Number of protein chains: 2
Amino acid sequence: MIKKENLSDLNVQAVNAIRTLSADMVQKANSGHPGTPLGAAAATYAIWAGAMKHNPLNPRWFDRDRFVLSAGHASALIYSILHLFGYGLKIEDLKQFRQKGSLTPGHPEYEHTTGVEITTGPLGQGIANAVGFAWAEKILEAKFNKPEFDIVNHYTYALCGDGCLMEGISAEAISLAGTLKLGKLILLYDSNKITIEGSTDLAFTENVVERFKACDWHTQIVADGNDIAAILSAVEIAKTTDKPSLIQINTKIGFGAPNKEGKPSAHGEPLGEDEIELMKEAFGFPPQEHFFVPKEVQAHFAELVKTSKVQINEWQLLLSHYQEKYHDEYEEFMAWQSEIPSTDFATLVADDSYWDYKETTATRLSSELILNKISPTVPNLLGGSADLAPSTKAVMKDKEYYTNDNPTGLNLRFGVREHAMAAIANGMMVHGGLRPYVAGFFVFSDYMKPAMRLSALMKLPVIYIMTHDSIGVGEDGPTHQPVEHLAALRSIPNFTVIRPCDTQETAAAWAMAITRTTSPTALILTRQNLPILPGSGKASFKGGYILYDDINPNTGLPDVALIASGSEVHLMVEAQKVLRTEGFHARVVSMPSFEIFEEQPADYKDFVLPPILRARLAAEAGSSFGWHKYIGLDGDIISIDSFGESAPANLIFEEHGFTVENVVDRAKKLIEKTK
Amino acid sequence: MIKKENLSDLNVQAVNAIRTLSADMVQKANSGHPGTPLGAAAATYAIWAGAMKHNPLNPRWFDRDRFVLSAGHASALIYSILHLFGYGLKIEDLKQFRQKGSLTPGHPEYEHTTGVEITTGPLGQGIANAVGFAWAEKILEAKFNKPEFDIVNHYTYALCGDGCLMEGISAEAISLAGTLKLGKLILLYDSNKITIEGSTDLAFTENVVERFKACDWHTQIVADGNDIAAILSAVEIAKTTDKPSLIQINTKIGFGAPNKEGKPSAHGEPLGEDEIELMKEAFGFPPQEHFFVPKEVQAHFAELVKTSKVQINEWQLLLSHYQEKYHDEYEEFMAWQSEIPSTDFATLVADDSYWDYKETTATRLSSELILNKISPTVPNLLGGSADLAPSTKAVMKDKEYYTNDNPTGLNLRFGVREHAMAAIANGMMVHGGLRPYVAGFFVFSDYMKPAMRLSALMKLPVIYIMTHDSIGVGEDGPTHQPVEHLAALRSIPNFTVIRPCDTQETAAAWAMAITRTTSPTALILTRQNLPILPGSGKASFKGGYILYDDINPNTGLPDVALIASGSEVHLMVEAQKVLRTEGFHARVVSMPSFEIFEEQPADYKDFVLPPILRARLAAEAGSSFGWHKYIGLDGDIISIDSFGESAPANLIFEEHGFTVENVVDRAKKLIEKTK
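Just so it is clear, the model here is predicted, and its values are computed rather than measured.

Some words on the overall build of chain A
(1) Moving on: If you tally the helices and strands in chain A, you get 26 helices and 20 strands.
(2) Moving on: Taking 2.2 N^0.38 as the reference for a compact globule, 675 residues should give roughly 26 Å; the C-alpha atoms of chain A span a radius of gyration of 28 Å, in line with that estimate.
(3) Moving on: Its C-alpha atoms give chain A principal-axis dimensions of about 90 × 60 × 45 Å.
(4) Moving on: Across chain A, the fraction of contacts at a sequence separation of at least 24, relative to all contacts at a separation of at least 6, is 77%.
(5) Moving on: A total accessible area of about 21300 Å² is found for chain A, and carbon and sulfur atoms account for 51% of it.
(6) Moving on: Where the 60 positive side-chain charges of chain A centre and where its 83 negative ones centre are 2 Å apart.

Written out as structure tokens, the structure is:
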């Protein structure tokens, strides 16, 4: 590692190489953001070369320090660094910046480029992700470390700009991080006083340092963003406090580009060949050579990598001693890092008692019941609510609450911060070692959506427990009654939505959520009571299935398919009975999950909903948007395509046509119409 | 108005009447939130009785002070106040709290209950709305006031709790309000130290006052939330600063309920009859009488209303003198308050030149062109971007930028604060006098969604300019490429989405956005160039229409319908030509707006997409979710149901099958299949 006492021109040359590589990348791509890579090059170099423990030969080393580029648009910066440290990016990869199929996409992508810790780009998310990393570290540290065995002991660094700090999500995360005393979180604020529209004076005049102090952060200012020694000193000091640390680093956007530095035009477009030549000339680099790295700079990074091996070797030795001395804990430590569900979990789900329920109850309470069966079998399952634990019923009774005095507690309290909560869960999941869920009122999934999208994009199996799932909320009225939210989540790629109709389907929903390892899952749960439907449960592993059938002997088909999810399945079941007494044959299809149903083979889907059967009536206490995939042009749907209202739930259901009479009536009309 | 020098037991009784009315309401409804109404009763009474200028006989008086109950769950508080001041709520209405069709729904609803300024409930929104109110006031004040004629001169009060302050949206709004020096914004922070999950120590330990100071707010603390005189003093002081003011009022949740006050259980459930009796007894009210208001308290409020008439009379006199002296300005002042578009606007849109374009261009640039045609005809049109003005092209060149030194500028700068931006626009719209638009990258509509939903719920014609509308974003990659966002917005009730295919349809889109007065409109615009399609334009007033037709003479119908929106319409047009050369007859349907198409008569819809025509191929560079309403079970769609990637846009379009060859091929297969 570089030391602040031994800095030389070589370090400056290393920083300048990061700058010219970044500028060349953006120029060649004719697209991208050179401003921050140039301005924050010295700070980022200081952290990677002089503060972080990391090793390109073991990029997934569990106890490495993490670096989150919250200002994800500065991707050229991280790619330059990863190239120089030998993380697998070649000069050829840098030349393919932002090109199809390259390892160097426009914004950093998790599990795409080795050394990129997490996908960033949407501003503010990275700060909340970093809070998730640091919180995960603190929990695992408390859980697994033993005297003289600090097997978990790493820092999380995040680099952000003004943009990230203006976003509300970062304010939520910053406030919570202060409460949690995340002493191993170090946030580097690249303060360049420039936004896309101009000076930060136009719209961002708050005193950032004072705001962080008010949130109980340790704060420092480095007056010159090119002063590597000062940055390293600040990091040393940051490591001495038990508070999260802000280091504001005053920089100049586009530093080194003589005509553009300090200007908004340096932010998000190529600097131009002429400007880059001038910069290289000033740096003493051959002006017309592209992607040039001085030999001594290459040697410098090679040397850094060599010495960084020592750290990982020491840790591996420590871990092997830990394994000897604390065998069970070691096994647990390794198990927590695995994505494979435990045998205890498999045993639980294989047992009939997991599937058999009698009691009429709200599915949020069913979820509480199941969660508490599952919790002991998934020991690293942790989660909580945005100040709604008594309502979302998402508390694990075998586990304690997390507090600063009890940092192994796995029931978390996020405060009223839905957006940060979801992004923190993403950070925890990516960090590794923990299996997070978060809970809230379904209508406020709107507040979480940007982070939910990133769960899906990163293929993170975060579990979202969403209660109060419809107009069934009743008296709280339209602001609290989800309508379009099922459609909103179902339309996200790689996001699984499950809306169970009773406790048995809730048991299946949880089993699926735990075992689906490459997509997030949202469990959509009622506030109102629902009885048990015999035959529900395991069948819902197919996403949609025939719950009750009734074939017309004359046609060999049902006369009509009644399709529903969640609470509306019960309505269909009742309607089927009435239809039967009137001589009509209805098939009831329970469809708890569109996404899982779509994963089934075409044969199965055609079996459940035969293409020839056009009399299809759906019912769902939400928007009809998206349902025509199953009901087609000829079908019908009882849905809610307006906002709800404040009233006892049963009255609102009635008003919107969720009555047996209406289902029967509409079904008969449909049968007639499609004859 | 009450004066802090003349307070007596009567004022305490008035406050206690608010408490018992609120407690009785929640109890009778067996649902609701008594904690804040009891805790914040004195503060709210102090503001309404001793600080605000308002008059129940003229509840829409333009120059009234506004009160935003950001803690909307405390609706019983505002309903009690409105009843006592005679705003039209009778005791009978209070008894119908949270019942179907009542004037007293679970959360306050705009245009539903007289005296409720804006719909609140989703936490944090109200603070941003209040910033919108105060910003609107400041702009109108600067625009219309003349020496000795302060015709616009009112304050915005907002009441919030811990929950609102934990939400990120409030942090965004607070930071911006400080920059804007909104001196007429007074935020009352009901600090009761209790959240649903317990003490604020669990998850909210920041120093709120210091945080506001860091954001350049004036701050005060009132140590005793029942001290009316202290609250009135604090308001007086708040009015002397040119900064926005925070008054932290230390209260006890559920004050007066002897066994529940200070506890989370006072927050969100009825107190219980016994507890309410004990409270009434302590207040000296008949313990078993419900909805009781002492006669002297009734008389007290009647007296307050009488004196408040003076203010409005003075203002009306002032306005009539203003009318005499500044006739043009008066006319303009009245015109700005009207929702009817100007005759200039009507003339503009009636002129052929508004509709005729030749140039190939991105629709974001088309939008810039049209916006700048419209801007002079809608003089109170104002808006801006979340630090993306150079990209969203949403700047009006005939208008100046708003700055603190130039507060009549109508181009606004929101900083990187999408969520607050949308909620501020809602506040401005509700305030009256202004016509706001906001702009951003379409993918970040996710950040705005909770506020967009409230635009729709409140029927506010806020205009959302959403650019970079698809994988056409290209190199910025999947974090910046919207996929599911059209589905997300289309599924919101009362929200209009328009995705035009060229400049002519963009002209129509803007004309619709300006004239649709009861729903928000989102304009979804490309970054990439699109040529002009002859025949597009006015026809899109129907939402969907036959752009080019080609009937098979043998059937009297087209063989296939090619349906698309935005950039994909061009693909369909090209494919139609190829199909024609191969002997197939395709109808091209341009569908810029599902919502507006759905508003058309069934006959028209069946004319455009005849039910008998099942060969329907759609193409849209977004999720297929929702399209089956038009393509049915037999149709096909070229869409994007995965995340995008970082690459030049044309390559991503190709990869996802957006090629003429693929359209032609799929169309032919469809014709064959549906024969």
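Thoughts on the interface of chain B and chain A
(1) Moving on: Listed by partner, the interface residues are 100 residues for chain B and 101 residues for chain A.
(2) Moving on: For the pair chain B and chain A, the interface holds 15 salt bridges.
(3) Moving on: For Asp634(A), the salt bridge identified is with Arg614(B), shortest N-O distance 2.7 Å.
(4) Moving on: Counting across the chain B and chain A interface gives 46 residue pairs in polar contact (both at pLDDT 80 or more).
(5) Moving on: The element best represented in the side of chain B that touches chain A is helix 18 (residues 445-457) of chain B, accounting for 8 residues.
(6) Moving on: Its residues placed into classes, the side of chain B that touches chain A shows 40 nonpolar, 32 polar and 28 charged.

As for the relation of the copies chain B and chain A
(1) Moving on: Of the transformation placing chain B onto chain A, the axial shift is 0.0 Å and the rotation is 180°, giving an RMSD of 0.0 Å. Here the two chains are linked by the operation of a two-fold rotation axis.
(2) Moving on: Interface overlap between copies: 100% of the residues of chain B at the interface are likewise at the interface in chain A, consistent with a symmetric, same-surface contact.

A short note on the packing of helix 17 (residues 418-431) of chain A against helix 18 (residues 445-457) of chain A
Residues and elements named next belong to chain A.
(1) Moving on: Two elements in contact, helix 17 and helix 18, have axes separated by 7 Å at closest approach and are oriented at 15°. By the angle class used here, helix 17 and helix 18 are roughly parallel. For the pair helix 17 and helix 18, the crossing hand works out as right-handed. The residues of helix 18 that touch helix 17, namely those facing Glu418, His419, Met421, Ala422, Ala423 and Asn426, are Tyr447, Met448, Pro450, Ala451, Leu454 and Ser455.
(2) Moving on: Its residues assigned to classes, the contact of helix 17 with helix 18 comprises 8 nonpolar, 3 polar and 1 charged.

Some words on the packing of aromatic side chains
To describe a pair of aromatic rings, one takes the distance between the centres and the angle between the planes.
(1) Moving on: Taken as a whole and assessed by the stated rule, the structure comprises 65 aromatic pairs over all chains.
(2) Moving on: Between Trp61(A) and Trp315(A) the ring centres are 6.0 Å apart and the planes differ by 65°, which places this aromatic pair in the edge-to-face class. One end of the pair, Trp61(A), is in the loop between helix 3 (41-50) and strand 1 (66-69); the other, Trp315(A), is in helix 12 (residues 295-325), and 254 residues separate them in sequence. With respect to burial, Trp61(A) and Trp315(A) carry one shared label: buried.
(3) Moving on: On the numbers, 6.4 Å between centres and 45° between planes, the contact of Tyr604(B) with Phe607(B) is tilted. One end of the pair is Tyr604(B) and the other is Phe607(B), both in helix 23 (residues 602-608) and 3 residues apart, which spans about a single turn.
(4) Moving on: Over the face of the ring belonging to Tyr401(A) we find Arg413(A), whose NZ or CZ atom lies 3.8 Å from the ring centre.
(5) Moving on: Lying over the aromatic face of Phe62(B), Arg66(B) brings its terminal NZ or CZ to 5.6 Å of the ring centre.

Overview of the confidence of the model for chain A
(1) Moving on: When the pLDDT values of chain A are averaged, the result is 97; 100% of them are 70 or greater.
(2) Moving on: Interface confidence for the predicted complex, expressed as ipTM, amounts to 0.98; the pTM equals 0.98.

Side note on helix 6 (residues 125-144) of chain B
(1) Moving on: Taking 1.5 Å per residue as the helical rise, helix 6 of chain B with its 20 residues ought to reach 28 Å, and the 28 Å between its terminal C-alpha atoms agrees with that figure.
(2) Moving on: Most of helix 6 of chain B is tucked away: 17 of the 20 residues are buried.

Thoughts on helix 18 of chain A
Residues and elements named next belong to chain A.
(1) Moving on: For helix 18, spanning 13 residues, the distance from its first C-alpha to its last is 17 Å, which sits close to the expected 18 Å at 1.5 Å a residue.
(2) Moving on: Along its length, helix 18 reaches its greatest deviation from straightness, about 40°, at Ala451.
(3) Moving on: One or two positions beyond helix 18, positive phi appears at Lys459, with a value near 60°.

Details of the pattern of salt bridges
(1) Moving on: Within this structure, the stated rule accounts for 83 salt bridges over all chains.
(2) Moving on: For Glu303(B), the salt bridge is made with Lys306(B), and the minimal N-O distance between the two is 3.8 Å. Here Glu303(B) and its partner Lys306(B) are both found in helix 12 (residues 295-325), 3 residues apart, which amounts to about one turn of the helix.
(3) Moving on: The exposure class assigned to Lys306(B) is exposed, which follows from its relative accessible area of 53%.
(4) Moving on: Each of the salt bridges in this network shares a partner with another, and the network as a whole consists of Asp469(A), Arg490(A), Arg499(A), Glu568(A) and Glu620(A).

A look at unusual backbone geometry
All names here are of chain A.
(1) Moving on: Phi at Asp387 is positive, roughly 60°, even though this residue is not glycine.
(2) Moving on: Tracing the sequence through the fold places Asp387 in the loop between strand 9 (381-385) and helix 16 (389-392).
(3) Moving on: Using a relative accessible area of 7% as the deciding quantity, one classes Asp387 as buried.
(4) Moving on: Unusually for a residue other than glycine, Lys393 sits at a positive phi of about 60°.
(5) Moving on: Position of Lys393 relative to the elements: it lies in the loop between helix 16 and strand 10 (411-413).

Quick notes on the rules
- Per chain, the residues get numbers from 1 upward, laid out in the order the sequence is written.
- Labels are handed out in written order, letters beginning with A for the chains and numbers beginning with 1 for the ligands.
- Where totals are concerned, whole chains, interfaces and linings use all residues; where local detail is concerned, this predicted model gives features only for residues with pLDDT of at least 70, and gives and counts side-chain atom pairs only at 80 or more.
- As a rule here, side-chain values come from all non-hydrogen atoms in the structure, and water together with hydrogens is ignored.
- A helix here means a DSSP run of H or I that spans at least four residues, while a strand means a run of E at least two residues long, and both kinds are numbered starting from the N terminus.
- In this setup the radius of gyration rests on C-alpha atoms only. A globule is expected at 2.2 Å times the number of residues raised to 0.38.
- Every residue pair with non-hydrogen atoms within 4.5 Å of one another is taken to be in contact.
- A 1.4 Å probe and the Shrake-Rupley method give the accessible areas. Residues count as covered only by the protein chains that appear here.
- Lys and Arg are tallied as positive, Asp and Glu as negative. Neither His nor the chain termini are counted.
- Taken as the charge centre is NZ of Lys, CZ of Arg, CG of Asp or CD of Glu, depending on the residue.
- What counts as a salt bridge is simple: a side-chain nitrogen of Lys or Arg found within 4 Å of a carboxyl oxygen of Asp or Glu.
- What qualifies as a polar contact is a pair of N or O atoms within 3.5 Å, subject to a donor-acceptor requirement within protein and to the restriction that residues adjacent in sequence count only when both atoms come from side chains.
- Nonpolar residues are Ala, Val, Leu, Ile, Met, Phe, Trp, Tyr, Cys and Pro. Charged residues are Asp, Glu, Lys and Arg, and all others, Gly as well, are polar.
- Residues below a pLDDT of 70 in either copy are left out; the C-alpha atoms of the rest, at least 70 in both, set the least-squares superposition of the copies.
- A fitted line through C-alpha atoms serves as each axis, taken over the contacting stretch for helices, and the angle formed by two N-to-C directions is quoted from 0 to 180°.
- Reported orientations rely on four angle classes, namely roughly parallel under 35 degrees, roughly antiparallel over 145, roughly perpendicular from 65 to 115, and oblique for the rest.
- Should the near helix be turned anticlockwise from the far one by less than a right angle, the crossing is termed left-handed; should it be turned clockwise, right-handed.
- Geometry of aromatic contacts follows a simple scheme: Phe, Tyr and Trp rings, the Trp one being its six-membered ring, pair when their centres are within 6.5 Å, and the pair is stacked under 30 degrees between planes, edge-to-face over 60, tilted otherwise.
- Think of it in three bands: with a 1.4 Å probe and only protein chains considered, a residue is buried below 20% of the maximum accessible area for its type, exposed above 50%, and partly exposed in between.
- For a ring to carry a charge above it, either NZ of a lysine or CZ of an arginine must fall within 6 Å of the ring centroid while also lying within 35 degrees of the normal to the ring plane.
- Per-residue confidence from the predictor is given as pLDDT, running between 0 and 100.
- Helices are assigned an expected span. That span is 1.5 Å times one less than the residue count.
- Bend is computed residue by residue as the angle between axes fitted to the seven residues ending at the residue and the seven residues starting at it.

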